[in-house]
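Observations on the model geometry
What follows is each chain in one-letter form.
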Amino acid sequence: MRIRPAEPADAAAIAEIWRLGWLDAHLGNVPDALAEARIEAGFTDRAERRARGDDDDARTLVAEVAGEVAGFVMVVGDEVEQVYVAAEHRGRGVAGPLLAAAEDAVRAEDHRQAWLAVVAGNTPARRFYERQGWTDTGPFDHHAPGGFVVPAHRYVRDLTQPARQDAG
């Protein structure tokens, strides 16, 4: 596996992993109106912008396995904004190194702490982040694009501590 910056050619793979992973993690855990508003074109548009580097403050990294994109992570400032692994690569050690690379990206911007939001009902993700050394600081209302309020948990990671890379 190789972790590298996303390239424009990766956009379609990122969009598909993101769309399917978002559906897996969010259906039943977010307001129905938000799920209905998340259309394929929205994932494609954002993935293309991020892969091209159009969002100056955002970085997208991909995990490549056997020449294909197996997962990705997006970092904006001190936030690890998106972490998704293709279904066929889950449980094969892709998520841990991707998360560690995101932590390194946040650290490189001189932040001492990273944070991320996890929808309250996404128990597998919450367990994964806790195994990786992230701390659940409690529930909060996450404001998703489009004006949607989503019950979530805020996780933080002290970047002055070494990263953990359990399988994921």
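A few points on the structure.

Calculation rules
- Residues numbered from 1 in each chain as written.
- Predicted model: local features only at pLDDT ≥ 70, side-chain atom pairs only at ≥ 80, totals over all residues.
- Heavy atoms only, no water.
- Helix = DSSP H or I, 4+ residues; strand = E, 2+ residues; numbered from the N terminus.
- Buried < 20%, exposed > 50% of the residue type's maximum accessible area, 1.4 Å probe, protein only.
- Contact = heavy atoms within 4.5 Å.
- Areas by Shrake-Rupley, 256 points an atom, 1.4 Å probe, with all protein chains shown as cover.
- Phe/Tyr/Trp six-rings, centres within 6.5 Å; stacked < 30°, edge-to-face > 60°.
- Salt bridge = Lys/Arg side-chain N within 4 Å of Asp/Glu carboxyl O.
- Core = buried A, V, L, I, M, F, W, Y, C linked by side-chain atoms within 4.5 Å.
- 1 Å grid on protein atoms, 1.4 Å probe; cavity = no way out; pocket = protein on both sides within 12 Å on 5 of 7 lines; lining within 4 Å.
- Points joined across faces, edges and corners; volume = space filled by probe spheres on them.
- Nonpolar A, V, L, I, M, F, W, Y, C, P; charged D, E, K, R; others polar.
- Pairing = 2+ DSSP bridges.

Focus: the overall build of the protein
Secondary structure summary: the protein contains five helices and seven strands in total. Start at the N end of the protein and walk to the C end: the helices and strands fall as β-α-α-α-β-β-β-α-β-α-β-β. For the protein, buried positions account for 45% of its 168 residues. For the protein, restricting intrachain contacts to residue pairs at least 6 apart in sequence, the fraction spanning at least 24 positions comes to 65%. Only carbon and sulfur atoms are counted for the fraction: they give 48% of the accessible area of the protein, which is about 8,300 Å².

Re the packing of aromatic side chains
To describe a pair of aromatic rings, you give the distance between the ring centres and the angle between the ring planes. Tallied over the entire structure, the rule returns eight aromatic pairs. Arranged with centres 5.6 Å apart and planes meeting at 70°, the rings of Trp18 and Phe43 form a pair that is edge-to-face. Linking Trp18 in helix H1 (residues 11-26) with Phe43 in helix H3 (residues 40-52), this pair joins segments that are 25 residues apart in sequence. Using a relative accessible area of 2% as the deciding quantity, one classes Trp18 as buried.

Side note on the pattern of salt bridges
Oppositely charged side chains are able to pair whenever their charged atoms sit close together. Taken as a whole and assessed by the stated rule, the structure comprises 10 salt bridges. Measuring nitrogen to oxygen at the nearest pair gives 2.7 Å for the salt bridge that ties Arg4 to Asp10. On the accessibility criterion, Arg4 (8% relative accessible area) is buried. Taking the shortest distance from any N to any O, the salt bridge between Arg4 and Glu64 comes out at 3.1 Å. Pair noted here: Arg4 is in strand E1 (residues 2-5) and Glu64 is in strand E2 (residues 58-65), with a separation of 60 residues, a long-range link.

Focus on the nonpolar core
Core analysis: the biggest nonpolar cluster contains 25 residues, and Val73, Val80, Leu99, Leu116, Tyr129 and Trp134 have the highest contact counts within it. Within the residue set of this core, elements represented by two or more residues are E2, strand E3 (68-76), strand E4 (79-85), helix H4 (95-108), strand E5 (113-119) and helix H5 (123-131). When residues of this core are assigned to their parent elements, the largest contribution, seven residues, is made by H4. Apart from the residues within four sequence positions on either side, Trp134 is in contact with Val80, Leu99, Glu103, Ala114, Trp115, Leu116, Tyr129, Tyr155, Val156 and Arg157. Core analysis: the second largest hydrophobic core is formed by 21 residues, Ile17, Trp18, Ala51 and Phe148 among them.

Some remarks on the layout of surface pockets
Empty space left among the atoms is revealed by rolling a probe the size of a water molecule over them. In this structure, the largest pocket encloses a volume near 1,100 Å³. Along the wall of the largest pocket there are 41 residues; nearest its centre are Ala25, His26, Gln82, Val83 and Tyr84. Taken together, the elements giving at least two residues each to the lining of the largest pocket come down to H1, helix H2 (32-37), H3, E4, E5, H5, strand E6 (135-144) and strand E7 (148-158). Here the lining of the largest pocket gets seven residues from one element, more than from any other, and that element is E4. What lines the second largest pocket is a set of 14 residues, and nearest its centre among them are Glu16, Ile17, Leu20, Ala86 and Glu88. Broken down by secondary-structure element, the contributors of at least two residues to the lining of the second largest pocket are H1 and E3. Here the lining of the second largest pocket is composed, by residue class, of eight nonpolar, two polar and four charged.

Section: the pairing of E7
For a regular strand, the rule is simple: side chains alternate between the two faces of the sheet. Looking at chain direction, E5 and E7 are connected through seven bridges and run antiparallel. Bridge pairing in E7 links Val118 to His153. Pairing of E6 with E7 involves eight bridges; the strand directions are antiparallel. Residue pairing across strands places His142 opposite Val150, the latter belonging to E7. Where E6 folds back on E7, the antiparallel hairpin that results is connected by three residues, among which Gly146 adopts a positive phi of roughly 95°.

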